[in-house]
Each structure stands twice: as C-alpha cells, then as structure tokens.
Amino acid sequence: MATIAFIGLGVMGYPMAGHLARAGHDVSVWNRSGTKAQQWAKQYPGKACNSIAEAVNNADVVLTCVGADKDLEEVYTAPEGIISNTPATAILVDHTTASAGIAETLAEAAQAKGQGFIDAPVSGGQQGAENGLLTIMCGGSDEDFRKVQPILECYARALNLMGPVGSGQKTKMVNQIAIAGLVQGLSEALHFAEQAELDVRKVVDVISKGAAQSWQMENRSGTMIDGEFEHGFAVDWMRKDLAICLEEARKNGSRLPVTALVDQFYGDVQEMGGNRWDTSSLIQRLRKK
C-alpha cells in the first residue's frame, strides 16, 4: 500500500481518489474548494488537507486531475505547490487533459528535484471514473510506469505506456479528434432520420448491428433522440481539448479539417447556451430552425 496525495476533486478526481482509498492506500486529498475535500473525507477513508504542501509532504505518489495548463502550472510550480513540497523519491502522475508542452515542462522541473513524472490523461468520462473503468494513456519512463501501474489499475480498464513524457497527452488528442468526427456523424445521421420521418429508435436498432456501430451510438443515441444532454463530458471542456489538438497539429504539420469544423460547431452550441451540455449536443444545432 502506498501513501498517496490526490490533488483536484472534480467529477473525475473525486471518484478516482475514492477508488484508491477503498483499495487500502493511505490517501490525502486537496481541492481548491475545501468543502469538496471535507465531503470526500466523510465518504471515503482518507484525509482532507488544507494545503497542497500538507497533502504531499510524505507522499510516495502524487496524482493530479485539474482543469488546464494554467492550473497545472499553479499547483505544480508554486512555492507551496507539489514539486517544492513532495519528497525527492516520489512519482508525480497527471491525469489532466492538457498540452504535451506543459507535460514536458513539468517533467523537467520534477526531474530537477529527483522526482519522476508521468502524463496520464484518461478517457471514459464521469461514468468510467465512478465505475473504475477508465482508459489511461501514459507518457514517461518504463521504470516510473511500472512503479505506479498497480495504483492506476485501481480505476483503469485499460492502461498503457505510449512512450516518453508527452506521449500520453498526444494519444489523448488522437482520442478527442476521433470522438469529434464520430459525434458529428451520428448527429447528422439521427437528424436525417428525424427529418425523413423514420422511427429513429428502430433505425438505430438496425444500423447498430452493422458497420455504423460505435460506442457513441450504443451509449448516446437514445439520449440524443430525447434531447437529454446531461450524460457526460461538457462542451466547454471539449472545446478546450480541441484547441489543444489544433495547436499541436499546427506544430507537427497535421491537417485536421473536420476537427476544426466540429470545433466551430461546438462554438455554435455554446452560443445556444449549451456550454455545460455534453458533447452529444451537436445534434441540437442541426435541429435549430
């Protein structure tokens, strides 16, 4: 069993930290909203801390799941933050979906203190976090990965080392690029079926048995038909992720015309007030007269 600090108790981090505590690890948590940390400590066997420094000061492993690059820079590099206050023997694991550049920067700063670093973004959404069935894509050294693998397996369905630091984030970008196109395609298909006055559920039942089948169709088509968009990753977060994808594409020379277009479509959804709708809400801009 390891001594673990978990920083960031959002919709993903909260249950992830809970899985670690229930597995028997010694878990300390910190969240920007102290009330959330206190709530977590009442629900799970673990300790809520008043500062990052308190949470990490004797940790074997520090896990983070925060918002974006700027949040990572703050929690890792501030004087009262992770790198300055974690033991030199610790390994730092970041589950935030962020840029490959910030992963490389944080890894360099951690290594200067003797700490290991792994970028480990996740896929599977809130449901995957709650059920302990996340897909985790890691970037870092083989040695560091082997050390933290048993810990990450507490909430992983699939766990892979993709290459050096930054490779996890780049793999997550591939994931988001694929999802953007799939959701737009599914939205157009369902919209067409509605306009054609077909029995849309019956259509989905038929085509889901063939080549059109996808996770999005199996898990989101019903709620899309019903106009329910409270079931997953928010549009605001998807736009943040797609901006990272498009920036990395500019750096490596990739051409992402569909991704760029779908990013604009999500901007339309935001203008409709759908900032916190889940990503399947792309269909609503097609329904808008």
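This is a predicted model, so every value here is computed, not measured. (Residues numbered from 1 in each chain as written. Predicted model: local features only at pLDDT ≥ 70, side-chain atom pairs only at ≥ 80, totals over all residues. Heavy atoms only, no water.)

S.K.: Looking at this structure, I do not really get the environment of Met12. What am I missing?
M.R.: Looking at the element boundaries, Met12 is found in the loop between strand E1 (3-7) and helix H1 (13-22). The exposure class assigned to Met12 is buried, which follows from its relative accessible area of 16%. C-alpha separation for the pair Met12 and Gln176, spaced 164 residues apart in sequence, amounts to 17 Å. Among all residues touching Met12, those that are not within four sequence positions of it are Cys65, Val122, Gly125, Gln126, Ala129 and Leu134. (Helix = DSSP H or I, 4+ residues; strand = E, 2+ residues; numbered from the N terminus. Buried < 20%, exposed > 50% of the residue type's maximum accessible area, 1.4 Å probe, protein only. Contact = heavy atoms within 4.5 Å.)

S.K.: Which parts of the structure should I look at to understand the UniProt feature "domain: 3-hydroxyisobutyrate dehydrogenase-like NAD-binding" (unreviewed entry) in the protein?
M.R.: What UniProt calls "domain: 3-hydroxyisobutyrate dehydrogenase-like NAD-binding" (unreviewed entry) maps, in this numbering, to residues 166-285. For the annotated span residues 166-285, helix accounts for 72% and strand for 0% of the residues, and the straight-line distance between the end C-alpha atoms is 34 Å. (UniProt positions renumbered as here; feature names shortened; annotations may be inferred.)

S.K.: Explain the domain arrangement of the protein here, please?
M.R.: Quite often, the size of an interface is put as the accessible area lost when its parts meet. Assigned domains within the protein: domain 1 (3-164) and domain 2 (170-287). Tallying the contact residues gives 11 residues for domain 1 and 10 residues for domain 2. A buried area of about 940 Å², summed over both sides, lies between domain 1 and domain 2, and 61% of it is on carbon and sulfur atoms. When the buried area of domain 1 at its contact with domain 2 is split by residue, Thr97, Ala100 and Met137 rank highest and sum to 41% of it. Taken together, the links from domain 1 to domain 2 amount to 0 salt bridges. Contributing elements (two or more residues each) for the side of domain 1 that touches domain 2: helix H6 (100-112) and strand E7 (122-123). Residues belonging to the side of domain 1 that touches domain 2 are distributed by class as follows: 6 nonpolar, 4 polar and 1 charged. (Domains from an automatic or database assignment. Buried area = accessible area lost by both parts, 1.4 Å probe. Salt bridge = Lys/Arg side-chain N within 4 Å of Asp/Glu carboxyl O. Nonpolar A, V, L, I, M, F, W, Y, C, P; charged D, E, K, R; others polar.)

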